[in-house]
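Inside the fold
Here is how the chains run, residue by residue.
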Amino acid sequence: MLSIFLLFCLFHRSFFRERLLIVTFAFLFYYLVGTFAGEQQVTVFQSGDQIIYGTIKTIPIVDGDSLSFRLISDSKETIQVHGYLYSEGEQQHMKGLSLGDLCKIAGSLTSPLPPTNFEQFNYKRYLQEQYIFWVLRPKREGIQCIEPQRKNFLTQLNRWRHKQLQRMEEEVSPEFNGIMSALLFGERVLLDGDVLAAYKSLGVIHVLAVSGLHVGMIVAAVFYLLIRIGMTRERAMEVLLVLLPIYIIIAGAAPSVIRASLMAMVVLICLRIRARIPPLLGIVAVYLIYLLFQPYAIFQLGFQLSFLVSFGLIISAPTLQARYSHVASQLIAVTVISQALSAPILLRQMYEFSWLSIPLNIVYIPFITMLVLPLTFVSFFLFLLVPGMFNYPLLFLEFIVPSVHTFLLYSAEMKGASFIVGKPSILLVICFYVGIIYGLLKWEEGIRNWWMRPILMLSVLLVVQLSFPYFDSRAKVTMIDVGQGDSFLIELPYRRAVYLIDAGGTFSFFNEEWREKRRSFDVGASIVVPALKARGISQVDHLILTHGHLDHIGGARALGQSVRIQEVIYSKGPVEGEYEQRLLHELSKSDARVHFVQEGVRWKEGAAEFTVLSPVGTESDLNARSIVLYVILEQVSFLFTGDLEEEGERRIVSTYPNLEVNVLKAGHHGSRTSTTEPFLTQLKPKMILISAGRNNRYGHPHEEVTKRITEQNIPVWRSDLDGAVQIIIKDGKVDIRKAMDNIE
C-alpha cells in the first residue's frame with residue numbers, strides 16, 4: 001500500500017511535499033486497519049462432533065460424490081462444509097440446496113490441514129484470511145435444510161444466480177457451459193479440469209475472469225439503451241450507479257469485477273458531478289477502499305494481479321496512445337506489458353511460464369473480446385426467452401468453442417511449451433520487478449535499442465534462478481506426501497542427476513457414473529509434478545517404478561506429460577496389468593528408455609552408488625516383485641523397499657547377512673506383513689520413513705509395526721503425521737526438514 005502511494009508521488013513530483021503527510025497518515029491508518037482485522041481472527045467453536053445450525057452462504061457445489069459450500073452459523077461465524085455423498089439419490093437431493101437455505105448439520109469440526117508438502121498451496125491460511133477456521137464434515141444423512149420463508153434482496157439475487165448456473169449445466173452443452181458460466185457469472189466450476197489446466201498453463205486464464213472488459217460492455221450497452229428509451233444522461237448515470245453493485249454480486253464478486261465496477265462507478269460519479277479525476281488517483285482510491293473493507297484481500301493472487309496490471313497499464317497509457325496508432329500494435333504492447341507485470345508473481349505461484357503465452361494472448365484476447373463475449377451475452381438473454389434450438393448464437397458458440405479448446409489442450413501438452421524455472425525467492429521477485437520497471441522507463445524514453453539492457457538484466461536474473469541447484473553441494477532425499485502411496489525424490493549434489501522412486505497414485509473403489517467428477521484428482525498432476533517444478537526440475541533422469549500397483553505408478557502418466565523422463569527403471573517380470581502396459585508404452589513413446597532390472601544390477605552416479613537387491617525375476621506376486629534399491633549417498637546409506645513384505649525381507653536378510661543401513665523406507669506403507677523383527681535387527685536403521693495416507697482404510701502403518709520400531713528406539717518419520725520429509729546430506733551430516741514445520 002505504501003509503495004503505491006510512493007509511486008504516485010514519484011509520478012507527481014511537484015505534489016510530493018504536499019502528499020507526504022497524507023502518505024504517512026494513510027500508512028498508519030491502514031496499519032491500524034490490519035491490526036484490527038488480525039484481532040478479529042477468533043472462533044467460538046471447538047473441534048469434535050456436534051450439531052451446527054446456520055445459513056448457506058455460497059452456492060453449494062456438487063461434483064460427483066462430493067459436496068462443498070460455506071455456512072454462516074447462528075453465531076455469525078463462517079464454516080467451510082465438505083461432505084461425502086453416499087448415493088445418487090442423495091446427490092440429486094443436495095443439488096436442490098441453494099443460497100440462503102436454513103440448515104441443521106450434524107458432523108465433525110476439524111481444523112483445516114496445513115500444507116503437507118513443501119511449497120504446497122496453504123489452504124488453511126487461505127481460509128483464515130476469510131475468517132474461516134473450521135471444516136465441517138457432515139455425517140451420513142447429517143444435512144437437513146429448508147428454504148427460508150422470507151428472503152432479502154441479496155438472497156433472492158444469489159438464488160437467481162444459482163438457478164441460472166444450474167440451467168446452464170443442464171441445458172447448455174458441457175463443452176461450452178463452463179465458458180458461459182465463467183464469462184457471465186464468474187464461476188469456473190463447470191469447466192472441464194483439463195481445459196481449465198490448459199488455460200492456466202498457457203497464461204490465458206485471465207480471459208475467463210469477469211473484469212473491466214465485461215463491465216465496460218455492460219455499462220456502454222445499458223447506457224445506450226437508457227438513452228434510446230428517452231432517459232436523460234444524468235438519470236442514466238444514476239441508474240448505472242445503482243445497477244453496478246448488483247452486477248458485482250451477479251458476477252461473483254471476485255477482486256477483478258469489484259475493481260472494474262468500482263472504477264466504473266468512480267468515473268460515472270465524476271461525469272455526473274462534472275469533475276475530473278486522474279485515472280491513477282481513481283485506481284489508488286478504489287484500491288484503498290477495497291482494502292478498508294477486506295484487508296486480507298491483499299494476500300489474494302487475483303487481487304494482486306488485477307490491481308498491479310491495471311496500475312501498470314494506466315501509467316503506460318499516455319505512451320501507448322502516443323507511440324502506437326494501430327489497434328494491433330496497441331494490443332501487442334498491452335499484452336506484453338500485462339504479461340511482464342504479472343510474470344514474477346505467477347512464477348512464484350506456478351514455477352514456470354509458457355513460451356506461447358504472448359502469441360496466444362494476442363490471438364485469443366480479440367477472439368474472446370470481439371466474438372465469444374458479445375455472443376455469450378446475447379445467447380444468455382435469448383436463453384431466458386426462447387428454446388435452445390432457436391438460440392442461434394448459442395448453437396454457434398457450442399460449435400466453435402470446443403474446437404478452440406481442442407487446440408488449447410494440444411498446445412498445453414506440447415513438449416517444451418512451458419519453461420520451468422522453480423520458485424523464486426521474494427528477493428529475486430523484487431529484483432525481477434526492478435528490472436521490469438527499469439525496462440518500462442527505458443521504453444517510455446523511446447531511445448533506440450531501449451530494450452537491450454532491461455532484457456540483459458532480466459536474463460541474468462533468470463540465469464541466477466536456474467543456476468541455484470547446480471551450485472548446491474548438498475544431496476537431498478524427499479519423502480513426498482502422496483497420501484496412500486509412495487514417491488521419493490533424490491537430488492544428487494550439484495544437480496548431477498534427479499531420481500524419482502515411484503510417483504504415487506489414487507485408487508478408485510467405485511465405478512458408478514454418478515460419482516465421476518469434472519476434475520478428478522490426480523496425485524501426479526496435483527502433488528508430484530508441482531513438487532518437482534517448485535525445485536526447478538524439468539527433467540527426471542531416472543524414474544524408478546518399483547512395481548505395478550496403482551499407488552506407486554498412478555502418477556507417472558501425468559509426470560511424463562509435464563517433465564522429460566530420460567530413463568524408466570522397472571522390475572523384471574511379466575507386465576500383465578492393463579494400466580502398466582499402457583503406461584510403459586506411453587513413456588517409451590515419449591523417448592524415455594525403459595530398462596527392466598533384477599538383483600545384482602548396480603551403477604554409480606558421481607560419488608553416489610546404487611544397487612538393486614530385489615527382485616530375482618521369478619516372483620509371481622507384484623509386492624514381492626518390488627524393486628529394492630540400496631543407495632549410498634554422501635556416506636549415508638538408504639534402503640528403498642517398495643511394497644516388500646515378510647518373505648522378501650527374509651530373502652534379503654539371508655542373502656546379505658552383513659547389510660546395514662542408516663535410513664530405511666518401511667515396506668508396504670508399514671503393513672503388518674512388513675518391517676519384521678529380524679529385518680530391523682539386522683539392518684539396524686538409525687531412521688525409518690513410512691509413507692502412508694491419513695486415516696487410510698488399510699490401517700497403515702500397523703500398530704504391530706510401530707510397536708516394533710518403538711521398542712528398538714528407532715526415530716520414525718511418517719507422511720500421515722509429518723507430511724513431506726526432506727533429508728539433507730552434506731559430508732555425511734544429516735539435517736531433517738518437515739513440510740509442516742516450514743509454513744510461510
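**Points about the overall build of the protein chain**
Broken down by element type, the protein chain carries 25 helices and 23 strands. The principal-axis extent of the C-alpha atoms belonging to the protein chain is close to 95 × 70 × 55 Å. Sorting the 744 residues of the protein chain into buried and exposed places 48% on the buried side. Sequence separation of at least 24 residues holds for 69% of the intrachain contacts in the protein chain that already meet a minimum separation of 6. When the accessible surface of the protein chain is summed, it comes to about 36500 Å², and 60% of that surface belongs to carbon and sulfur atoms. Measuring between centres, the 69 positive side-chain charges of the protein chain sit 10 Å from its 67 negative side-chain charges.

**What to know about the sheet that holds strand β12 (residues 539-545)**
If you trace the eight strands from one edge of the open sheet to the other, you get β14-β13-β12-β11-β10-β9-β22-β23, paired in mixed fashion. Of all strands in the sheet, those with a lone pairing partner are β14 (593-597) and β23 (733-738), marking the two edges. Pairwise comparison of adjacent strand axes, ignoring direction, gives a mean angle of 20 degrees for this sheet. Bridging between strand β10 (residues 488-491) and strand β11 (residues 498-501) involves four bridges; their strand directions are antiparallel.

**So, the nonpolar core**
Counting 73 residues, the largest nonpolar core has Met 168, Phe 176, Ile 179, Met 180, Tyr 199, Leu 208 and Tyr 364 as the members making the most contacts within it. Ranked by residues supplied to this core, first place goes to helix α14 (residues 357-385) with nine residues.

**Looking at the pattern of salt bridges**
Taken as a whole and assessed by the stated rule, the structure comprises 32 salt bridges. Linking Arg 125 and Glu 129 is a salt bridge whose minimum nitrogen-to-oxygen distance equals 3.9 Å. On the basis of relative accessibility, which here comes to 35%, the residue Arg 125 falls in the partly exposed class. Between Lys 533 and Glu 352 there is a salt bridge whose closest N-O contact spans 2.8 Å. With a gap of 181 residues between them, Lys 533 in helix α18 (residues 523-534) and Glu 352 in strand β7 (residues 352-354) connect regions that are remote in the sequence. Taken as a pair, Lys 533 and Glu 352 share a single burial class, namely buried. Residues joined in a network through salt bridges with shared partners are Asp 65, Glu 512, Arg 515 and Lys 517.

**Focus on the sheet that holds strand β16 (residues 608-614)**
Strand pairing within a sheet occurs via backbone hydrogen bonds; the two strands may be parallel or antiparallel. The sheet built from seven strands is open, its strands ordered β15-β16-β17-β18-β19-β20-β21 with mixed pairing. The outermost strands of the open sheet, each flanked by one partner alone, are β15 (602-605) and β21 (716-718). Mean inter-strand twist for the sheet, computed between neighbouring axes without regard to direction, equals 15 degrees. As defined by bridge partners, β15 adjoins β16 across four bridges and the pair is classed as antiparallel. Following the sheet pairing, Trp 603 is matched in β16 by Phe 610.

**Examining the pairing of strand β20 (residues 687-690)**
Of the two faces of β20, the one lined by Met 687 and Leu 689 and the one lined by Ile 688 and Ile 690 are each fully buried. Inspection of the sheet shows strand β19 (residues 663-665) paired to β20 by three bridges, in the parallel sense. Paired with Leu 664 across the strands is Ile 688, a residue of β20. Assessed by its sense of winding, the connection that carries the chain from β19 through helix α23 (residues 677-683) to β20 is right-handed. Bridge count for β20 against β21 is three bridges, and the pairing is parallel. From the neighbouring strand, Ile 688 faces β21, where its bridge partner is Val 716.

**Structural notes on unusual backbone geometry**
The residue after Ser 614, namely Pro 615, is reached through a cis peptide bond having omega 10 degrees. Inspection of the secondary structure assignment puts Pro 615 in the loop between β16 and β17 (628-633). Here the residue pair His 700 and Pro 701 is connected by a cis peptide bond, since its omega of -10 degrees sits within 30 degrees of zero. Along the polypeptide, Pro 701 turns up in the loop between β20 and α24 (703-711). Not every positive phi belongs to a glycine, and Tyr 494 is a case in point at roughly 60 degrees. You can call Tyr 494 partly exposed: its relative accessible area is 38%.

**A closer look at the packing of helix α8 (residues 212-228) against helix α10 (residues 255-272)**
Taken N-terminus to C-terminus, the directions of α8 and α10 make an angle of 40 degrees; their axes are 8 Å apart at the nearest point. Here α8 is positioned oblique relative to α10, judged by the angle of their axes. In this structure, the crossing between α8 and α10 has a hand that is right-handed. Counting all contacts with α8, which are made through Gly 212, Val 215 and Val 219, the residues of α10 involved are Arg 259, Ala 260, Ser 261 and Ala 264. Residue composition of the contact of α8 with α10, grouped by class: four nonpolar, two polar and one charged.

**Considering the environment of Ile 249**
Structurally, Ile 249 is set in helix α9 (residues 233-250). Take Ile 249: its relative accessible area is 25%, and that puts it in the partly exposed class. Remark: the alpha-carbon pair of Ile 249 and Arg 150, spanning 99 residues in sequence, is separated by 20 Å. The contacts of Ile 249, once residues within four sequence positions are left out, are Leu 154, Leu 157, Asn 158 and Arg 161.

**Notes on the side chain of Ser 614**
Position of Ser 614 relative to the elements: it lies in strand β16. Owing to a relative accessible area of 2%, Ser 614 belongs among the buried residues under this scheme. Of the polar contacts made by the side chain of Ser 614, one reaches the side chain of Arg 651; its length is 3.4 Å.

**Concerning the packing of helix α11 (residues 279-293) against helix α12 (residues 301-323)**
Taken N-terminus to C-terminus, the directions of α11 and α12 make an angle of 165 degrees; their axes are 9 Å apart at the nearest point. As judged from the angle between their axes, α11 and α12 are roughly antiparallel. The element α11 and its partner α12 pack so that their crossing is left-handed. Contacts from Pro 279, Leu 280, Ile 283, Val 284, Val 286, Tyr 287, Tyr 290 and Leu 291 in α11 reach Phe 303, Phe 307, Ser 310, Phe 311, Ile 314 and Ile 315 in α12. Among the residues making up the contact of α11 with α12, the classes are represented as 13 nonpolar, one polar and no charged.

**What about the pairing of strand β9 (residues 475-479)?**
Among the five residues of β9, five are classified as buried, and the element is accordingly described as predominantly covered. Side chains of β9 alternate between two faces, with Ala 475, Val 477 and Met 479 and Lys 476 and Thr 478 buried alike. Across five bridges, the pairing between β9 and strand β22 (residues 725-730) is antiparallel. Considered in β22, the bridge of Val 477 is made with Ile 727. One ladder, built from four bridges, connects β9 with β10; its direction is antiparallel. Across the sheet, Thr 478 pairs through a bridge with Leu 489, a residue of β10.

Procedures and definitions
Residues numbered from 1 in each chain as written. Predicted model: local features only at pLDDT ≥ 70, side-chain atom pairs only at ≥ 80, totals over all residues. Heavy atoms only, no water. Helix = DSSP H or I, 4+ residues; strand = E, 2+ residues; numbered from the N terminus. Buried < 20%, exposed > 50% of the residue type's maximum accessible area, 1.4 Å probe, protein only. Contact = heavy atoms within 4.5 Å. Areas by Shrake-Rupley, 256 points an atom, 1.4 Å probe, with all protein chains shown as cover. Lys, Arg positive; Asp, Glu negative; His and termini not counted. Charge placed at Lys NZ, Arg CZ, Asp CG, Glu CD. Pairing = 2+ DSSP bridges. Axes fitted to C-alpha atoms, helices over the stretch in contact; angles between N-to-C directions. Core = buried A, V, L, I, M, F, W, Y, C linked by side-chain atoms within 4.5 Å. Salt bridge = Lys/Arg side-chain N within 4 Å of Asp/Glu carboxyl O. Right-handed = clockwise from strand over helix to strand, strands pointing away. Parallel < 35°, antiparallel > 145°, perpendicular 65-115°, else oblique. Left-handed = near helix turned anticlockwise from the far one by under 90°. Nonpolar A, V, L, I, M, F, W, Y, C, P; charged D, E, K, R; others polar. Polar contact = N/O pair within 3.5 Å; in protein donor to acceptor, adjacent residues only side chain to side chain.

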